[in-house]
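Each chain, written out:
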Amino acid sequence: MNTPPAVLEAKNLIVNYKQHCAIDSLNLRVPKGCVYALLGGNGAGKTTTISTFLTFNSPTSGAVFIEGESPHENPDLVRAKIAYLPENVALYEMMSGVENLTFFCTLAGITIAREQAQQLLSDSGLQDDAHGKRVSMYSKGMRQKVGLAIASTKHAKAMLLDEPTSGLDPSAANDFAQRIRTAADNGMAVLMATHDLFNAKQVADRIGIMKSGRLVEEFDAHTVQHDELEQKYLAHARGLA
Amino acid sequence: MITAIIRKEFIATVRDGRLLTLGCSLLLIFIGFLLASTFQLQQLRQEKESVGITAKEQWNTQSVKNPHAAAHYGIYVFKPDLPVAALDSGLRPFIGQSLWLEPHKRNLERFNPSADDILANRFGQTTTSFVLYALLPLLIVALTFNSVSQERERGTLRMLHSLGVNANALVFGKLLGLLAAFSLVLSPALIVALILLQQNFTLSVDDLLRLTLLLLLFLVYYTIFVAIAIAASAYFKTSRVTLFCLLAFWLGGVFIAPRLGAVAAQSLTPNPDAKQFWAAIKKDIDQGINGDGSHEQREKAFEAQVLAQYNVSRKEDLPVGFVSLNRQFNDGYSVRIHALHFDRLRDNFTLQQHLTHLASWLGPSLAIRSLSMTLAGMDLAHQRHFEDAAEEYRHYFINLTEDWDRGRSHGTERGAKGEEADWRSVKDFDYSAPDLLFALHTARLDIVVLLLWLALALTLLTLSAKRLTP
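Okay, so let's go over this structure. As a convention, each chain's residues are numbered from 1 in the sequence order in which they are written. Chain A is the first chain written and ligand 1 is the first ligand written, with later ones labelled in order. A pLDDT threshold of at least 70 governs which residues receive local features in this predicted model, and a stricter bar of 80 or more applies before side-chain atom pairs are shown or counted, although totals over entire chains, interfaces and linings include all residues. Values shown for side chains rest on all heavy atoms present in the structure; no hydrogens or waters enter the calculation.

1. Brief notes about the layout of surface pockets
Residues and elements named next belong to chain B.
Line of reasoning, step 1. Within this scheme a cavity is a closed region of a 1 Å grid, computed over the protein atoms alone, that accommodates a 1.4 Å probe without allowing it to escape, whereas a pocket is open but has protein on both sides within 12 Å along at least five of seven lines; lining residues each have an atom within 4 Å of a point. Grid points are joined across faces, edges and corners, and a volume is the space filled by probe spheres set on the points. Estimates place the volume of the second largest pocket at around 580 Å³.
Line of reasoning, step 2. Lys48, Glu49, Gly52, Phe78 and Phe429 are, among the 23 residues lining the second largest pocket, the residues nearest its centre.
Line of reasoning, step 3. Strands here mean DSSP runs of E at least two residues long; helices mean DSSP runs of H or I at least four residues long; both are numbered from the N terminus. Mapped onto the lining of the second largest pocket, the elements with two or more residues apiece are helix 2 (17–60) and strand 1 (75–78).
Line of reasoning, step 4. The leading source of residues in the lining of the second largest pocket is helix 2, at eight residues.
Line of reasoning, step 5. Considering only residue class, the lining of the second largest pocket consists of ten nonpolar, five polar and eight charged. Just so you know the grouping, Ala, Val, Leu, Ile, Met, Phe, Trp, Tyr, Cys and Pro go in nonpolar, Asp, Glu, Lys and Arg go in charged, and all remaining residues, Gly too, go in polar.

If you want it as structure tokens, here you go:
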């Protein structure tokens, strides 16, 4: 069977912070249309992995690739292919959702009209009456929807999510997971760092468990049940695996 | 990309309540000070004009008397203030308001306001220019100290970075956006200032050019502060550290640098006290300089020269008044000695000013302060220009009275008389302040310093962009 080409790929990635090894020999690949959930406790290296793809930090050795190109060698071209959604979608408080979306899209080189922006926000699930309100009045879920709208406008090849459902109520988390699934089904490669086992099982195609910077286990999400996933996760967290 | 950043920065700053609150407060303070100083300047100009007319009329209506005695009555002259002086009173509080012109002696200005002021005011006066060079930069610091660090703290910098935003475009976009937002405070201030000055004074083309240049230089000054604030905000990891450093920079530039410079200048090149100054002039007149001989020796030589010139053996036989002739000779020497000491004193003032300006490396405030004073015509150079014109006028009217005295007497008798028609024939002191070119020539070093600060600030901004990490 042919292996589909990876949109996101880490090869023998090592990232050290001074004396501390944050990522140790990480190998992972996320092909087109795949949602890859990275599980692990605090300090496992999930966020560092995502940050390395975003060039927020550099590999000590090894490399990451986006559609075969190193973002550290060609940051501008590669960033155009990535959408990023952090745990807390950072928006400008003094501006409305529409203004934020228009601003971020312009920075990404995409010009959209106000009506288009409103449509995109509606498509991302943001209520119409919130479009013109200042973001300082938005809940976390509403901000995530603006973030999702930014990501979808970019027509990115890959999406990097860092704890996207943390702090969302179950309904909002479920809604968000479905939107991620739709994005993947439309061909996007998604790498998602999360603590949320339920969400990971619900949306992911592959799951990797990280511990102390190492990818300690990787499996097909469709082959495990919720209970099994929880047991695997806890076993690694408790050092029993 | 940069247009979007400028627009976003402008909108975010304008919507931030701090600009509205602080900006409006500052605008009100500025308008208050400007109203007060405009009123004060207008009153001062009227007083000077009215006292000048009265003093000249008193001169004109002197009774029949000896022309030299009339000259001793003296004439008061006043330095006219430019309308721009409403924005910056400069050295006015420390320099006299009038010059009394009399024979034999060149005087220093009289009636400086600081001498009559209450003690507390000598430790710092708040003027319109203080709002412009000290308080407005504080508003800039208050609004820009977290311009980048806040983005880092809130996570928007990571978002921008993930979108591939060019760091240079980000920091320069912020610079232009913030300047555009601050112009919302500056523009009403400028409009109010123009209306007030236009209503209270007749503005010449030179005045308007001075105002325009002053505005441009203040824009450069504010750009320096905004650029340094953004650079600091990008360089330091937290808003708190950035604020602390920017306040130290503001404090150092506005308050510490001028004082340090002044103390250093006074220590390195101290001014003589008044007693020493006048004693040195008297000594040089009495003893002579460069081998000219003493007062008595010079007088004897002059007498011999005059007697030989008119081919007489006694002063009493001279066809012209010798007393006046001798006085004019002595005055000529006195003028030379006075000029020597006055120039030395004023050169020392200038040297002190240059030494003080060495402290400009601590901050750009000293340079803009000096530029503001120069463009307002309230600096040392404009003062010196006025004093030189007044001294020239003193020579004119003293020589005129001596001509009358000498021509209307002979020998050693003192019977020469002058009357009202003579006194009225003395021309008025018609002084015009030098033009903008003079001011520009005077301020060239300060302009260079300010532009160097601008270059440094923009370089720091560019360097900070290179260090901009989420």
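2. Some details on the interface of chain B and chain A
Line of reasoning, step 1. On the side of chain A, 26 residues touch chain B, which itself brings 21 residues to the contact.
Line of reasoning, step 2. Taken over both partners, the interface formed by chain B and chain A buries close to 2,200 Å², and the fraction arising from carbon and sulfur atoms is 69%.
Line of reasoning, step 3. The largest share of the area that chain B buries against chain A comes from Arg15(B), Met159(B) and Leu163(B), three residues that together contribute 31% of it.
Line of reasoning, step 4. A pairing counts as a salt bridge when a side-chain nitrogen of Lys or Arg comes within 4 Å of a carboxyl oxygen of Asp or Glu. At the boundary of chain B with chain A, the tally comes to one salt bridge.
Line of reasoning, step 5. Polar contacts here mean pairs of N or O atoms no more than 3.5 Å apart (in protein, one a potential hydrogen donor and the other a potential acceptor; neighbouring residues in sequence count only if both atoms are side-chain atoms). At the junction of chain B and chain A, the tally comes to five residue pairs in polar contact (both at pLDDT 80 or more).
Line of reasoning, step 6. Of all elements in the fold, only helix 1 (2–15), helix 6 (149–154) and helix 7 (156–162) of chain B reach the threshold of two or more residues within the side of chain B that touches chain A.
Line of reasoning, step 7. Grouping the amino acids of the side of chain B that touches chain A by side-chain chemistry returns ten nonpolar, five polar and six charged. For this analysis, residues touch if any pair of their heavy atoms sits within 4.5 Å. When two components associate, each loses some accessible surface as probed by a 1.4 Å sphere; the sum of these losses over both components is called the buried area.

3. Remarks on the pattern of salt bridges
Residues and elements named next belong to chain B.
Line of reasoning, step 1. Considering all chains together, one arrives at 40 salt bridges over all chains under this definition.
Line of reasoning, step 2. Of the charged contacts in the structure, one is a salt bridge between Asp428 and Lys56, with a shortest N-O distance of 2.8 Å. Pair noted here: Asp428 is in the loop between helix 16 (420–425) and helix 17 (436–442) and Lys56 is in helix 2, with a separation of 372 residues, a long-range link.
Line of reasoning, step 3. The rule is simple: take the accessible area with a 1.4 Å probe, protein chains only, and divide by the maximum for that residue type; under 20% is buried, over 50% is exposed, in between is partly exposed. Taking relative accessible area as the criterion, Lys56 reaches 11% and is therefore assigned buried.
Line of reasoning, step 4. Residue Glu151 pairs with Lys174 through a salt bridge whose shortest N-O separation is 2.7 Å. One end of the pair, Glu151, is in helix 6; the other, Lys174, is in helix 8 (residues 167–200), and 23 residues separate them in sequence.
Line of reasoning, step 5. On the basis of relative accessibility, which here comes to 4%, the residue Glu151 falls in the buried class.
Line of reasoning, step 6. It is possible to trace a salt-bridge network through shared partners that takes in Arg106, Asp343, Arg346, Asp347, Arg384, Glu387, Asp388, Glu391 and Arg394.

4. What about helix 5 (residues 140–153) of chain A?
All names here are of chain A.
Line of reasoning, step 1. Helices are assigned an expected span. That span is 1.5 Å times one less than the residue count. Taking 1.5 Å of rise per residue, 14 residues should cover 20 Å, and helix 5 covers 20 Å from first to last C-alpha, within 8% of that figure.
Line of reasoning, step 2. A large share of helix 5 lies buried, amounting to twelve of its 14 residues.
Line of reasoning, step 3. Taken together, the buried positions of helix 5 are occupied by Gly141, Met142, Arg143, Gln144, Lys145, Val146, Gly147, Leu148, Ala149, Ile150, Ala151 and Thr153.

5. Description of the packing of aromatic side chains
Line of reasoning, step 1. Note on ring pairs: Phe, Tyr and Trp rings are taken, using the six-membered ring of Trp, and paired if centres are within 6.5 Å. Classes follow the plane angle, with under 30 degrees stacked, over 60 edge-to-face and the rest tilted. For the structure shown, the criterion picks out 29 aromatic pairs over all chains.
Line of reasoning, step 2. On the numbers, 5.8 Å between centres and 20° between planes, the contact of Tyr92(A) with Phe104(A) is stacked. Note that Tyr92(A) is positioned in the loop between strand 5 (82–85) and helix 3 (97–107) and Phe104(A) in helix 3, a separation of twelve residues in sequence. Of the two residues examined, Tyr92(A) and Phe104(A), each falls in the buried class.
Line of reasoning, step 3. Ring geometry for Trp250(B) and Phe255(B): centres 5.5 Å apart, planes at 80°, overall edge-to-face.
Line of reasoning, step 4. A relative accessible area of 9% places Trp250(B) in the buried class.
Line of reasoning, step 5. The rings of Trp59(B), Phe386(B), Tyr393(B), Tyr396(B), Phe397(B), Trp404(B), Trp423(B), Phe429(B) and Tyr431(B) are connected pair by pair, giving a single aromatic cluster.
Line of reasoning, step 6. A ring has a charge above it when a Lys NZ or an Arg CZ is no more than 6 Å from the ring centre and no more than 35 degrees off the ring normal. Lys105(B) extends its terminal NZ or CZ atom over the ring of Trp278(B), reaching a point 4.6 Å from the ring centre.
Line of reasoning, step 7. Residue placement shows Arg106(B) over the ring face of Phe342(B); its charged tip is 4.4 Å from the ring centre.

6. Considering the sheet that holds strand 2 (residues 20–31) of chain A
Residue and element names in this part refer to chain A.
Line of reasoning, step 1. At least two bridges found by DSSP between two strands are what make those strands a pair. In space, the three strands of this open sheet follow the order 2-1-4, with antiparallel pairing throughout. One side of each edge strand has no neighbouring strand; the edge strands of this open sheet are strand 2 and strand 4 (61–66). On average, adjacent strands in this sheet sit at an angle of 15° to one another, irrespective of strand direction.
Line of reasoning, step 2. Comment: axis = line fitted to C-alpha atoms, over the contacting stretch for helices; angle = value between 0 and 180 degrees taken between N-to-C directions. Sheet strands touched by helix 1 (residues 46–53): strand 1 (6–17), strand 2 and strand 4. Its angle to strand 1, the strand with the most contacts, is close to 115°.

7. Notes on the packing of helix 8 of chain B against helix 9 (residues 205–235) of chain B
Residues and elements named next belong to chain B.
Line of reasoning, step 1. Packing of helix 8 against helix 9 leaves a shortest axis separation of 10 Å and a crossing angle of 150°. Relative to helix 9, the element helix 8 lies roughly antiparallel. Our pair here, helix 8 against helix 9, has a crossing hand that is right-handed. Contacts from Val171, Lys174, Leu175, Leu178, Leu179, Phe182, Leu186, Leu190, Leu194 and Leu197 of helix 8 reach helix 9 at Leu208, Leu211, Leu215, Leu219, Tyr222, Thr223, Val226, Ala227 and Ile230.
Line of reasoning, step 2. When the residues that make up the contact of helix 8 with helix 9 are grouped by side-chain class, the tally is 17 nonpolar, one polar and one charged. Put simply, angles under 35 degrees are roughly parallel, angles over 145 are roughly antiparallel, angles from 65 to 115 are roughly perpendicular, and the rest are oblique. Handedness of each helix crossing follows the sense of rotation of the near helix against the far helix: counterclockwise by less than a right angle gives left-handed, clockwise gives right-handed.

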